[in-house]
Amino acid sequence: MRIHQYERVWLLASMVLIVGFIATITYGAVGLGITMVDDRGATIAPDEINEDERFGDPRVEQVGDDEYEVYAVAMTFAFQPDPIEIPADSEVTFYVTSRDVIHSFYVVGTNTNTMVIPGEISVVTVEFDEPGEYGLICTEYCGAAHHEMEGQLAVLEDEEFDLTELEVEAPDEVEPDGEIEITATVTNGQLEAIEETVTVELGDETLEESVTVEGDESESVTLTVDAADLGEGDHDWTASAGDLTESGTVSVVEGSEDDTEGGDDA
Amino acid sequence: MSNVARQEDPASVERIEHDEFDPVGTLALIAFYFAVLVLLWLFTYFVEFLGNVPTPVVVA
Amino acid sequence: MPNGATFADAYPTQARHIRAAFWASFLSLGVGAFFGLIQALHRTDILRVIESQTYYTVLTAHGVFLVISFTIFFLVGVFQWAVTDSLERPPVDMRFTWGWYGLMSLGASLTAFAILAGFTDSIDVRANVLFTFYAPLQAHPLFYVGLVVFVVGTWLAGADWFRSWLAWKGDNPGERIPLPTFMVLTTMIMWYISSIGVAVAILAFILPWSLELTGSLNPTLTRTLFWYFGHPVVYFWLLPAYLLWYILLPKLAGGRLFSDPLARVVFILFVLLSTPVGIHHQYLDPGISEGFKFIAMTNTMFLLLPSLLTAFTIIASMEHGARQRGGEGYFNWLTALPWRDPAFTGMALAGMVFAFGGFTGIVNAGMNINYLVHNTLWVPGHIHTQVGTAAALTFMAGAYWLVPQLTGNRLVGRGLALVQVVLWFVGIVFMTNSMYRGGLVGIPRRTAEPQYEGFEYEVAAGSVGELNAQLAIGGTILFVSAMLFLALMVLTAFNGGTEPIDDGSIPPALSGPEDSPAVLDNLKLWVAIAAVLVVIAYSFPLASIVSRGGLFGPDIGPIPVAIDAASTVARTALEAVSAVVR
Ligand code: HEM
Ligand SMILES: [Cu+2]
Ligand SMILES: [Cu+2]
C-alpha cells in the first residue's frame, strides 16, 4: 500500500495518543483507585423495596469508625431520605435503587454521579472532606415533573452530626386516680457511646438524668406522676435529650380508658 | 495513475501529482492539533475531573 | 456519467427520488430547529411559551426529527446519489427504490404523529419518552411501530444498493469497487449489524410490553440493546458526512483526494469497531461490571484511529487543492482555499468543529472521567458539535452543491449561503460553549428547568446568567441559519431555466485503489470479523444482564449461568494490572 511518509508519522502519533488516553484512565482506576459503578450491588425488584431491610427504611447508618452507609430510594419525583445528612471527613457509601423508572443520583458539582435503574442497586463510595450543602438531583428524564426531582445532601461538621433519636411514650388520657408514666428513649445510631442528659417535665415535676448510650443501643428514662397530684385538665409535658425535644399533652379526665397508645413520637 | 480530464478551474495554476506533493502544511496543522489534544486532555483530566471531588473510589 | 451533464440530466427519475428524500429531510430540519429554539429559550428561562411538562414532548420531537428523520433521510439521498453516480447505473428496479422510500416515510409519519399528538389532549396518544425511549417509560405503540417501519425501510435501501453493486459487478468483473459505493456498502454493513440491537429491543421486549402482551421487561437489557445500536448510529449520521468530505471536499478545494486506499481502511475500521463499544454510554449504570466497561473503553479509544486518519487525508486533500491554486508556506496555503464557496466553507467549518468535538468525545469515552460530564449539559454540547454540526452543517453545505446537480437549477443566493454556513458556525460556537461550560459546573441536560431551589451552581469564570445568554443567543442564531438554508433550498428548487455552475464531475484520487491490496474490497471478510468482535464484546455482558434481571424483568428469578466467570476474568485482569503498577 502506498502511504505517504507523513501519514505514517501521523499514524504513529495517533497510536501514541490513543495509548496515552487509555494509560491516563488506567492510572485513574489503578493508581488513584477511582472505581466505576458496577455490578457489586445486589438486585432488588421494585415491589420488594418496602419489605427490604435496607431500603424499606431509607436512612443513614454508621458502619465503621468514619464509615457510613446511605440507603436511598429514587422515585418520581423525589429522593428518600431527604435531606441526607452525613458527617464531614468520612467515607460514605451510597446504595441507591429506584421504585419505578430510570433515574439518576447526582450530587451537583461533584463526581458523585450514578444512574439508578429499577431492579438494580447502584453502589458508590466517596469521601466528603469538607462540610457543605450540596444539591442532589436526578439527571435522567423520568417524567413530566423530572425537573422538580431534587433533594439535599448536607455534609455536617463532626460536632453537629449525630444519629441520635429521641422517642417518647406517654398516655393521652388518664383517670384522676391513675398514674402517668412518661418514658423517653434515646437511641444511638452511631457506633461510639454517647452521653446525654435526658430531661422529662410534667407539671411541676422534673426528672433529669444523665445516661450513657452504647453504640447501636438505646436507653430509657421514665417519669411517674400521680394524676391526682396534677388535678383534672390538660397538662403539657416535654422531654429532651441534647438538642432533641418532644412534647405533648396528657388529659386527666373521669371515665377515660388508660391507654398509652398514641404516644407522641413525631 | 489515470489522468482523467480535470475540471476547468481558473484558479488552479498548476497540476500536482501524488509523488511531487509533500503535504507539509497538513503535517504542521496536524502537529498543532496533536498538541492541542494533549493539553486539553491533561487539563480536563487532571484539573477539571480530579478537582471535582468527591470521586467514587474503591472501598478498602 | 456523460461529461458536462448534471445528475438530473443523466438520471432524471433517480434525481426525483433523491429530491424527495431531501425534502423529507429538510422538512424535519425545519420543525426540529423550531423545537430547538423553544428549548434554548425555555431552559434558560428567557422565554417560556410552553408549560414545563410539555418541554419533554418538544425535546422528544427535537431528538427524533433531527437525528432520526433529518439525518437519515438526507443520507439515503446522498447514498443513492453516490451509488448511482459512481457505478454509473440506476437502481435495478425503481419501484423497489420508491418502495423503501415509502416505508421510511410511513414509519417517520407514524412516529411523528405519536409524538406530536402529545401537544393536544384531544387525542389519547403520547410518546414523551425522548429519542432514547428508555423503558419503563412507555410510549404509545405507534411510536415504536413507526420506528421499526422506518428502520426496515433503511434496511431495504441498503439491499437496493447491494443489488446495484452486484449487478455492476456482473458487468465489471474483477474491478475495484468505486470508492463512493464502497463507502455506502461498508456503512450499510455497519448499520445492519447495529440496528439489529434496536430491532430486538423493540420487537421482542418493548412493543409487546406496550401492547400489554408481556407484563414486564428488564430495563437494563433494553437499555443495553438500545446502546448496542446507539453508538453505531452516530457513525451512521457521520459517515455520509465523511463520504462528502472524502469525495466532494477535495474537488471543491480545487484538488484531489489524497489517498483512496486509506479512505477504504478508514471505513473498514468503522465496520469493525463501531458496534463493540456501546457500553461506553453505560459507564455509570449499575449491574454491568467494571471489566466490561474497561473493554468498551479501550475499543472506543481505538475507534479514534479512523477519525484521526481521516483528519490527515482530508486536510492533505485540501492542501493539494490550495497548492494547485498557488498556495504557499506552512500555513499560508489556507488563504488560497475557495472560502467564497459556501459548499466548501460549510464543510471546512464543519470539519473544524468536528475536530474539537472529537476531543469532547474522548472525555465522554474516558470511563472514569465520564463521572464529570455524564448527563450534564456537556453531552448536548458534544451532540451539537458532532451530529448537529459535523454532520448537519456538512449536509447543508453539501446540499449547496448537490441540489443544483439534482435539480439542474443554479443555486440561488450564493452569497447568502455563505452567510448561512458562517452563521451556523457562530451559533454553534456560542451554544456549545455555554453547554460545555455549563456541563462542567453540573447543569444537567434534558430538563425544562435547571433552576433548583436548594443550591446554586458554582461557576468559576463567568456566571449562570452569562451561560444562559450564550445558549439562547447561539440557539437563536442557529435557528435563523436553519431557516435561511431552507429558504435558499426552496428558491433553488424553483429556479428553473438556469444551470448549475459546476459540471458535477468528481476527479480521481491522487493515490487510487490500485495502490491498495484487493482484500480491502472483500466485504464478506470484514462482515465476519465484525460479527466476531460484536459477539466477543456483547455476549458476556448481555448474558450477565439477563442472569441478573431476567429476560423479561425482575419478576423472573435469576438464572445462574457460567457468566460471572467472564466478568470475574475481566475484573481480575484489571486487578492484576493494578497489582503490577502499585
Ligand atoms: C436550531 C438549532 C438547534 C437548537 C437551538 C438546538 C437546541 C437544543 C437544546 C437547547 C438542547 C438541550 C435540551 C435539553 O437537554 O434540555 C438540544 C438537545 C438535542 N439536540 Fe438540538 N438544537 C438545534 C439543532 C440540532 C440539530 C441540527 C441536531 C442534530 C442533527 C440536534 C440534536 C439534538 C439532540 C440529539 C439533542 C438531545 C436530545 C435529548 O437529550 O433527548 N439539535 N438541542
Ligand atoms: Cu428525573
Ligand atoms: Cu457512543
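Note that the structure is predicted; figures quoted are calculated from it, not measured.

## Section: the overall build of chain A
A tally of regular secondary structure across chain A gives two helices and 20 strands. Here chain A has a C-alpha radius of gyration of 27 Å; the compact-globule value for 266 residues is 18 Å, and the former is much larger. Burial analysis of chain A (266 residues in total) assigns 55% to the buried set. Nonlocal contacts in chain A, meaning residues at least 24 apart in sequence, comprise 60% of its contacts between residues at least 6 apart. When the accessible surface of chain A is summed, it comes to about 11,400 Å², and 41% of that surface belongs to carbon and sulfur atoms. In chain A, 6 positive and 67 negative side-chain charges are present, and the distance between their average locations comes to 36 Å.

## Topic: the packing of helix H9 (residues 260–273) of chain C against helix H11 (residues 304–324) of chain C
Residue and element names in this part refer to chain C. Contact geometry of H9 with H11 gives a least axis separation of 9 Å together with a crossing angle of 160 degrees. The angle between H9 and H11 places the two elements in the roughly antiparallel class. Read as a crossing pair, H9 and H11 show a hand that is left-handed. Residue-level inspection shows Leu 262, Val 266, Leu 269 and Phe 270 of H9 in contact with H11, the latter providing Leu 305, Pro 306, Ser 307, Leu 309, Thr 310 and Thr 313. A breakdown of the residues in the contact of H9 with H11 according to their chemical character gives seven nonpolar, three polar and no charged.

## Here we look at the interface of chain B and chain C
Counting residues at the interface gives 32 residues for chain B, matched by 37 residues for chain C. Buried surface at the junction of chain B and chain C, summed over both partners, amounts to about 3,400 Å²; 70% is from carbon and sulfur atoms. At the junction of chain B with chain C, the criterion picks out zero salt bridges. Between chain B and chain C we count six residue pairs in polar contact (both at pLDDT 80 or more) in total.

## Quick word on the coordination of the copper ion (ligand 3)
Coordination of the copper ion (ligand 3) by the protein is provided by C:His231 (ND1), C:His280 (NE2) and C:His281 (NE2), with metal-donor distances spanning 1.7 to 2.1 Å. Since its relative accessible area comes to 9%, C:His231 is described here as buried.

## Thoughts on the side chain of C:Thr345
Residue and element names in this part refer to chain C. Relative to the assigned elements, Thr 345 resides in helix H12 (residues 342–365). Classification of Thr 345 by relative accessible area gives buried; the value is 5%. Polar contacts involving the side chain of Thr 345 include one to the main-chain carbonyl oxygen of Trp 339, which spans 2.7 Å. Non-local contacts of Thr 345, meaning those with residues more than four positions away in its chain, are made with Pro 338, Trp 339, Arg 340, Leu 418 and Val 421.

## Quick look at the site of ligand 1
Residues and elements named next belong to chain C. The full set close to ligand 1 counts 27 residues, and Arg 43, Tyr 55, His 62, His 384 and Arg 446 are the nearest of them. Here a nitrogen atom of ligand 1 and a side-chain polar atom of His 384 are 2.8 Å apart. At a separation of 3.3 Å, an oxygen atom of ligand 1 approaches a polar backbone atom of Thr 447. Those elements giving two or more residues to the shell around ligand 1 turn out to be helix H2 (12–43), helix H3 (55–87), helix H14 (378–407), helix H15 (414–440) and helix H16 (464–493). Taken together, the residues that form the shell around ligand 1 break down as 17 nonpolar, seven polar and three charged.

## Focus: the interface of chain A and chain C
At the interface, 61 residues of chain A touch 76 residues of chain C. Carbon and sulfur atoms supply 66% of the area that chain A and chain C bury against each other, a total of about 5,900 Å² over both sides. Our count for the chain A to chain C interface comes out at two salt bridges. Among the ionic pairs, C:Arg548 bridges to A:Glu120, the shortest N-O distance being 2.7 Å. Our enumeration of links across chain A and chain C arrives at 23 residue pairs in polar contact (both at pLDDT 80 or more). Contributions of two or more residues to the side of chain A that touches chain C are made by helix H1 (5–31), strand E8 (113–116), strand E11 (132–137) and strand E12 (150–156) of chain A. Element by element, the count of residues in the side of chain A that touches chain C is highest for H1(A), at 15 residues. Looking at side-chain class alone, the side of chain A that touches chain C contains 33 nonpolar, 19 polar and nine charged residues.

## Let's talk about a negative patch on the surface
There is a patch of like negative charges on the surface, built from A:Asp65, A:Asp66, A:Glu67, A:Asp89, A:Glu127, A:Asp129, A:Glu130, A:Glu157, A:Asp158, A:Glu159, A:Glu160 and A:Glu192. Summarising the element assignment, A:Glu192 is placed in the loop between strand E15 (179–188) and strand E16 (194–202).

## Quick look at unusual backbone geometry
For the bond running from A:Asp82 to A:Pro83, omega is 0 degrees, close enough to zero to count as cis. With a phi close to 60 degrees, A:Asp89 is a non-glycine residue in the positive phi region. With respect to the helices and strands, the residue A:Asp89 is situated in the loop between strand E5 (84–87) and strand E6 (90–98). Since its relative accessible area comes to 56%, A:Asp89 is described here as exposed. Backbone geometry at C:Glu88 places phi at a positive 55 degrees, although glycine is not the residue there. By relative accessible area, which is 53% here, C:Glu88 ends up exposed.

## Topic: the UniProt feature "domain: Cytochrome oxidase subunit II copper A binding" (unreviewed entry) in chain A
According to UniProt, the positions carrying the feature "domain: Cytochrome oxidase subunit II copper A binding" (unreviewed entry) are residues 65–167 of chain A. Between the end C-alpha atoms of residues 65–167 of chain A the distance is 25 Å, and the span holds 0% helix and 58% strand.

## What to know about the sheet that holds strand E13 (residues 164–169) of chain A
The strands making up a sheet associate through backbone hydrogen bonding, with each pair oriented either parallel or antiparallel. Residues and elements named next belong to chain A. Ordered in space as E13-E15-E18, the three strands form an open sheet in which the pairing is antiparallel. Looking at strand neighbours, the two that pair on one side only are E13 and strand E18 (218–226), the edges of this open sheet. Here the strands of the sheet are splayed against their neighbours by 15 degrees on average, with no regard to which way each runs. In terms of strand pairing, E13 meets E15 through six bridges, oriented antiparallel. Within E15, the residue paired with Val 168 across the bridge is Ala 184.

## What to know about the coordination of the copper ion (ligand 2)
All names here are of chain A. Note on the copper ion (ligand 2): its protein donors are Cys 138 (SG), Glu 140 (O), Cys 142 (SG) and His 146 (ND1). The metal-donor distances range over 2.1 to 2.5 Å. Here the copper ion (ligand 2) is ringed by four donor atoms whose angles at the metal span 81 to 127 degrees, and the overall shape comes out irregular. Here the donor residues of the copper ion (ligand 2) are spaced in sequence according to C-x1-E-x1-C-x3-H. Exposure remark for Cys 138: the relative accessible area of 0% places this residue in the buried category.

Conventions we followed
Residues numbered from 1 in each chain as written. Chains lettered and ligands numbered in written order. Predicted model: local features only at pLDDT ≥ 70, side-chain atom pairs only at ≥ 80, totals over all residues. Heavy atoms only, no water. Helix = DSSP H or I, 4+ residues; strand = E, 2+ residues; numbered from the N terminus. Rg over C-alpha atoms; globule rule 2.2 N^0.38 Å. Buried < 20%, exposed > 50% of the residue type's maximum accessible area, 1.4 Å probe, protein only. Contact = heavy atoms within 4.5 Å. Areas by Shrake-Rupley, 256 points an atom, 1.4 Å probe, with all protein chains shown as cover. Lys, Arg positive; Asp, Glu negative; His and termini not counted. Charge placed at Lys NZ, Arg CZ, Asp CG, Glu CD. Axes fitted to C-alpha atoms, helices over the stretch in contact; angles between N-to-C directions. Parallel < 35°, antiparallel > 145°, perpendicular 65-115°, else oblique. Left-handed = near helix turned anticlockwise from the far one by under 90°. Nonpolar A, V, L, I, M, F, W, Y, C, P; charged D, E, K, R; others polar. Buried area = accessible area lost by both parts, 1.4 Å probe. Salt bridge = Lys/Arg side-chain N within 4 Å of Asp/Glu carboxyl O. Polar contact = N/O pair within 3.5 Å; in protein donor to acceptor, adjacent residues only side chain to side chain. Donors = N, O, S within 2.8 Å, 3.2 Å for Na, K, Ca; no water. Near = heavy atom within 4 Å. Patch = residues over 30% accessible without salt bridge, like charges linked within 9 Å, V, L, I, M, F, W, Y side chains within 5 Å. UniProt positions renumbered as here; feature names shortened; annotations may be inferred. Pairing = 2+ DSSP bridges. Tetrahedral: all angles 85-135°; square planar, octahedral: opposite > 155°, others 65-115°.

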